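Structural description and commentary
Letter by letter, the chains look like this.
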Amino acid sequence: MSAPVLTRKICLLGRLAVGKTSLVRRFVENVFDERYQTTVGVSIHTKTLNINAQTIKLIIWDIAGFEQVAHYQQYLRGSHGVLWVADGTEPASWQKLLAIHQNHQSIHAVPGVCLINKHDLLDQWRIRNEDIAHLQKVFGFVLFSSAKTGENVEQGFTELAKRLLKDQ
Amino acid sequence: MNSESDKIKQLLLADELALLQQLREKVLESEHFSEAVADVLATATQRAWKKDPAYQASLAKPIGEGLKTALKREQRSIIDAFVPVIGPMIRASVSASIKKLMADLNRILELGLSPKAIKWRWQSWKTGVPFAELVFLNTVEYQVQHAFLIDKDSGLLIEYAGHEGELARDKDAFSAMLTAINDFVADTLADDTGSRLRSAELGEYQLWIIDGPRAYLAVLIKGNPSERLRESLQDALDKIHFLYAEELANSDQYGQLPPVRLELEDLLITKNRQADDDDNHTGLSRQKGWIAALVLMALVAWGGWRYLQHKKQLHNLTAQLKHIPGFVLQDIRSSDDGLLVTGLKDPLADLSVVRHDGVKFRLRPYLSLDASLVQKRLQRLSEGTALQARLAENGQVTLSGTASENTLASLRRQLLAMPGVNAVDSTQVTAPVSPWQRFLSRNPVPENIQATMTNQQLTLQGETSGTQIKSWLAAVTQAFPDMAIDTRHLRVLPDKDALIAAINASVITMPRGTQITAEGKQSITSLADKLKLLQQQDPRMAITLTGSTDCTGSPEANQKLAQRRAEHVKQALVQHGVDKQRIQTDTKPCASGPARLDPALRRVTTKVIQPAEGHLP
Ligand SMILES: Nc1nc2c(ncn2[C@@H]2O[C@H](COP(=O)(O)OP(=O)(O)OP(=O)(O)O)[C@@H](O)[C@H]2O)c(=O)[nH]1
Ligand SMILES: [Mg+2]
């Protein structure tokens, strides 16, 4: 008999419009939409992965950007992992991530992966090497991604899933 | 099922099947419509955004904020507003369960054309309500169709039981969404303590949420459930928490807990209407049924008894713990050797009633603002003073009793620093009665005397008679041996006997005729004072003034002179304020003797007439 399915809750955190919903849709449905529909509260998706003969079902909580009233905290309860999302064309987006990370001690125990999104917009790319080094130190694992081209989207979620398994 | 009966069904139910098909199309139609609107909305929003980038941020906040205020104001309608989020899933599931229901109904229809069935067919034809739906409405009170056991923290589905359908496929997303909504509601209504989503209407479905310590139960019910169902669901949830505490705490096991699933399956009940229950008893094999029922009852009783004992203990303990002021129950679970209670305990909380074998405690201290404990703390503070402190509901403390200003001020400070106390009312506190005041209430200061007490020094002022003041001062020195007494301004007046003696002894000499010497004038003044004092003490007192002469001169002249001397003194006394009525005069001229000049006999003597002697009224 194969190993039983594990269900795990993960949350996406990031500023408004960094592309959280777009990343989830690319990962779950493999689509991308130029239009922007802000998320109200939270939206839920699921996706099942196979990692080293272990089936893991991710319950993905796509939480509205921080700016939308600070009620994202309650959605974090019981979360097994966090996908931190920043926008490579928008310095405030990773500064905000660092600030939130610093203010929430309890989140440090939870595995995380950081995606610097919108990597397809190279002409507007503004993140510097020292920023990346700093993010790497704080979040452990950083990838450049693009929900538009699909670059590193699957890799980002898979890496987080692996860390959830290791974390047991 | 043979094709024969299928044909009959087709004949009997052609209309209903067509109606069902229509219904289903309507459902799909409305979905298409909503999708179309959603598309237009999205584009419109996007245009607005393109024109004004600030629009993004400015819109995001009001959405969340608006939801919160709206939810606070109108809980019911906002919960309805959430329905679209889970609505599509449920709607799809409804059509699936109608299909299932149809299959179930085949059995009933096959029973034949009972009078009831014919009646319902007639109603269906008249009202246009599908026959199957009518059968459901007429035979089933309610049916629990889906049961979700969901981890409160993560929203992960622990186990699920239910009829097939769309919902069953998306149950993980459904659980998470429901938890998010629930968290949102709880967070928004955080001030109304513990307010959570309890139920919501989803079309013809009722969504019920039963809250538990670690996991909650969400059930979808078709029909009209009674409140009693909620109780039995709550019981089932308690039982699951009790039996599977460890499993519930380990998310690795979620979805792989067949015993829990079985418990949930037990909840998928169909409650038939009473009348039809009666109809269902056909009387066939009733005996067998009885035997089976008896065996089952015995088994259930045996297992149930043990379980109930345990549950009763747990229930009693929980009830007791909940009523102990200053104790907050966080968790109660069974451990290897009994029950383990986790909670917060105020140092003053009394757990003795629940401390017995088989109950272990894991306690953390906290400060309770429970009125009874605050009152206890108040008592401790006011111990050793003559003050009583009473706590009112609004946190106001009322002090009564006696206290000095210093004691009161320091107590006030301490009280106001105490959590749970908002205000202190000390208007009812009286200053303490000093020993001196207590002494005075028993030994009043003699009349006409003023006694002032400053720094252990007693100052007396005024006039009083010796006996009165003497006995009072004796009492003072007995009660306060160390008291310094200042009597410099005290005039002690002679008392009655001394006065009488002094008055009787006074003599006014008149060396020539009725002339009074300076010395005689002083004597008269002093005599007048004494007389007045005496009359103050006893107004009936009177005197006789006796005028005398020596033996020079004729006896007639001497008699007259003696009379004039007495009158003269009387006049002088009246001038000094002595009552005329109380003065008699007498004479004692020279009786016999050598006619020589004797100044000692030229005088007026005084004698007090006591009332007992009967001279005066
Ligand atoms: N070029 C480019 N655009 C992207 C990418 N990811 C997202 N976008 C666009 O960025 C906008 C915002 O994307 P969303 O995914 O809705 O952002 P979000 O983080 O979910 O925003 P909120 O949930 O409202 O906080 C949309 O117009 C997307 O089309 C990307 O990788 N490249
Ligand atoms: Mg979003």
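Position numbers for residues count from 1 along each chain, tracking the sequence in the order it is written. Chain letters and ligand numbers both follow the written order, the letters beginning at A and the numbers at 1. Selection of residues for local features in this predicted model requires a pLDDT of at least 70, selection of side-chain atom pairs for listing and counting requires 80 or more, and totals for whole chains, interfaces and linings are taken over all residues. With hydrogens and water set aside, each side-chain value is computed from the structure's full complement of heavy atoms.

**Some words on the overall build of chain B**
Our working definition: Put simply, DSSP marks the helices as runs of H or I at least four residues long and the strands as runs of E at least two long, and each gets a number from the N terminus on. Only protein chains enter the calculation, and the probe is 1.4 Å; a residue is then buried if its accessible area is under 20% of its type maximum, exposed if over 50%, and partly exposed in between. Whether two residues are in contact is decided by their heavy atoms: any pair within 4.5 Å suffices. Surface accessibility follows the Shrake-Rupley procedure with a 1.4 Å probe radius. Residue values consider only the protein chains on display as shielding.
Broken down by element type, chain B carries 19 helices and 19 strands. Counting across all 617 residues of chain B, residues that qualify as buried make up 37%. The long-range fraction of contacts in chain B, counting pairs at least 24 apart against all pairs at least 6 apart in sequence, stands at 63%. Just so you have it, chain B exposes about 35,800 Å², and 54% of that area is on carbon and sulfur atoms.

**Here's the deal with the coordination of the magnesium ion (ligand 2)**
Residues and elements named next belong to chain A. We count it as follows: Because water is not among the atoms used, a metal site may look incomplete, as its donors are only the N, O and S atoms within 2.8 Å, or 3.2 Å for Na, K and Ca.
Around the magnesium ion (ligand 2), the protein supplies T21 (OG1) and T39 (OG1) as donor atoms, at distances of 1.9 Å. Taken together, the positions of T21 in helix α1 (residues 20–29) and T39 in the loop between α1 and β2 (42–51) put the pair 18 residues apart, joining distant regions of the chain. A relative accessible area of 12% places T39 in the buried class.

**Observations regarding the sheet that holds strand β5 (residues 112–117) of chain A**
Residue and element names in this part refer to chain A. We apply this condition: Paired strands, as defined in this entry, are two strands with at least two bridges between them according to DSSP. A fitted line through C-alpha atoms represents every axis, and for helices the fit uses only the stretch in contact; the resulting angles, taken between N-to-C directions, go from 0 to 180 degrees.
Taken in spatial order, the six strands line up as β2-β3-β1-β4-β5-β6 in an open sheet, and their pairing is mixed. Each end of this open sheet is capped by a strand with a single partner; those strands are β2 and β6 (142–144). Averaged over all pairs of adjacent strands, the angle between their axes in this sheet comes to 25 degrees, without regard to strand direction. Where α1 meets the sheet, it contacts β1 (6–14), β2, β3 (54–63), β4 (81–87) and β5, and its direction lies at approximately 150 degrees from that of β3.

**Digging into the site of ligand 1**
Residues and elements named next belong to chain A. What counts here: Near residues are defined by distance, with any heavy atom within 4 Å of the molecule or strand qualifying the residue. We call two N or O atoms a polar contact when they sit within 3.5 Å, provided that within protein one can donate a hydrogen and the other can accept it, with sequence-adjacent residues counted only if both atoms are side-chain atoms. Here the term charged refers only to Asp, Glu, Lys and Arg, the term nonpolar to Ala, Val, Leu, Ile, Met, Phe, Trp, Tyr, Cys and Pro, and the term polar to all other amino acids, Gly among them.
Residues in contact with ligand 1 amount to 24 residues; listed here are only the nearest, T21, S22, T38, D120 and A147. With respect to ligand 1, the side chain of S22 contributes an N or O atom lying 2.6 Å from an oxygen atom. Between ligand 1 and N117 there is a distance of 3.2 Å, counted from a nitrogen atom to a side-chain nitrogen or oxygen. If ligand 1 stood free it would expose 640 Å²; the protein chains cover 94% of that surface. When residues in the shell around ligand 1 are grouped by element, the largest group, three residues, is from α1. Its residues assigned to classes, the shell around ligand 1 comprises seven nonpolar, nine polar and eight charged.

**Description of the pairing of strand β15 (residues 484–493) of chain B**
Residue and element names in this part refer to chain B. Quick reminder of the rule: Every crossover in which the path from the first strand over the helix to the second runs clockwise, viewed with the strands pointing away from the viewer, is termed right-handed.
Across eight bridges, the pairing between strand β14 (residues 457–465) and β15 is parallel. Its bridge partner being in β15, S465 is matched across the sheet by L493. Between the parallel pair β14 and β15, the chain is carried across by helix α16 (residues 466–479), and the sense of this crossover is right-handed.

**With respect to the nonpolar core**
We count it as follows: Take the buried Ala, Val, Leu, Ile, Met, Phe, Trp, Tyr and Cys residues and link them wherever side-chain atoms come within 4.5 Å; each set so joined is a nonpolar core.
Core analysis: the biggest nonpolar cluster contains 75 residues, and L13, W61 and W84 of chain A together with L149 and L217 of chain B have the highest contact counts within it. Looking at which element gives the most residues to this core, the answer is helix α7 (residues 171–188) of chain B, with nine residues. The contact partners of L13 of chain A, leaving out residues within four places of it in the chain, are K20, I63, F66, Y72, L76, V82, L83, W84, V85, L97 and I107 of chain A. Among the nonpolar cores identified, the runner-up in size contains 24 residues, and I10, V18, F27 and L115 of chain A belong to it.

**A short note on the side chain of E159 of chain B**
Residue and element names in this part refer to chain B. By the element assignment, E159 lies in strand β2 (residues 157–162). In this structure the side chain of E159 is engaged in a polar contact, spanning 3.0 Å, whose partner is the side chain of R261. Excluding residues within four positions of it along the chain, E159 makes contact with A147, F148, L149, G255, Q256, L257, P258, V260, R261 and L264.

**Some words on the packing of aromatic side chains**
All names here are of chain B. Condition: Put simply, two rings from Phe, Tyr or Trp (the six-membered ring, in Trp's case) pair if the centres are within 6.5 Å, and we call them stacked under 30 degrees between planes, edge-to-face over 60, tilted for the rest.
Inspection of the entire model under this criterion finds 10 aromatic pairs over all chains. Judged by centre distance (5.6 Å) and plane angle (15 degrees), the rings of W436 and F439 are stacked. With W436 and F439 both in helix α15 (residues 435–442), this residue pair falls three residues apart, about one helical turn. Residue W436 is classed as buried on the basis of its relative accessible area of 9%. Judged by relative accessible area, which is 5%, F439 ranks as buried. In this structure an aromatic cluster arises from ring pairing among W436, F439, W472 and F480.

**Side note on the side chain of H101 of chain A**
Residues and elements named next belong to chain A. Counting through the fold element by element, H101 comes out in helix α3 (residues 91–103). Look at H101 and you get buried, because its relative accessible area is 12%. Beyond its immediate stretch of four places on either side in the chain, H101 contacts W84, I107, H108, V138 and F139.

**As for unusual backbone geometry**
Trans peptide bonds make up most of the peptide bonds, and negative phi angles are found at most residues other than glycine. All names here are of chain A. In this structure, K118 takes a positive phi of about 70 degrees despite not being glycine. Along the chain, the position of K118 falls in the loop between β5 and α4 (129–139). Exposure remark for K118: the relative accessible area of 25% places this residue in the partly exposed category.

**What to know about the sheet that holds strand β10 (residues 386–391) of chain B**
Residue and element names in this part refer to chain B. Taken together, the three strands give an open sheet; going across it, the order is β10-β11-β12, and neighbouring strands pair in mixed fashion. Strands with a single pairing partner mark the edges of an open sheet, and in this sheet they are β10 and β12 (423–430). The sheet shows a mean angle of 20 degrees between the axes of neighbouring strands, taken without regard to direction. Packed on one face of the sheet, helix α13 (residues 371–382) meets β10 and β11 (396–402) and runs near 165 degrees to β10.

**Thoughts on α1 of chain A**
Residue and element names in this part refer to chain A. Where we set the bar: To be clear, the arc concerns the directions from the helix axis to the C-beta atoms.
Listed in full, the buried residues belonging to α1 are K20, L23, V24, R26 and F27. On an axial view of α1, the arc spanned by its buried residues comes to 160 degrees, and they lie on one face. Along its buried surface, α1 packs onto β1, β2, β3, β4, β5 and α5 (153–166). Remark: N30 follows α1 within two positions and exhibits a positive phi of approximately 55 degrees.

**A closer look at α4 of chain A**
Residues and elements named next belong to chain A. Residues D131, I132, L135 and F139 constitute the buried set of α4. Projection of α4 onto a plane perpendicular to its axis shows the buried side chains occupying an angular sector of 95 degrees, all on one side. Every exposed residue of α4 that faces more than 90 degrees away from the buried side is listed here: N129, E130 and K137. The elements touched by buried residues of α4 are β4, α3, β5 and β6. One or two residues past the end of α4 sits G140, with phi positive at roughly 85 degrees.

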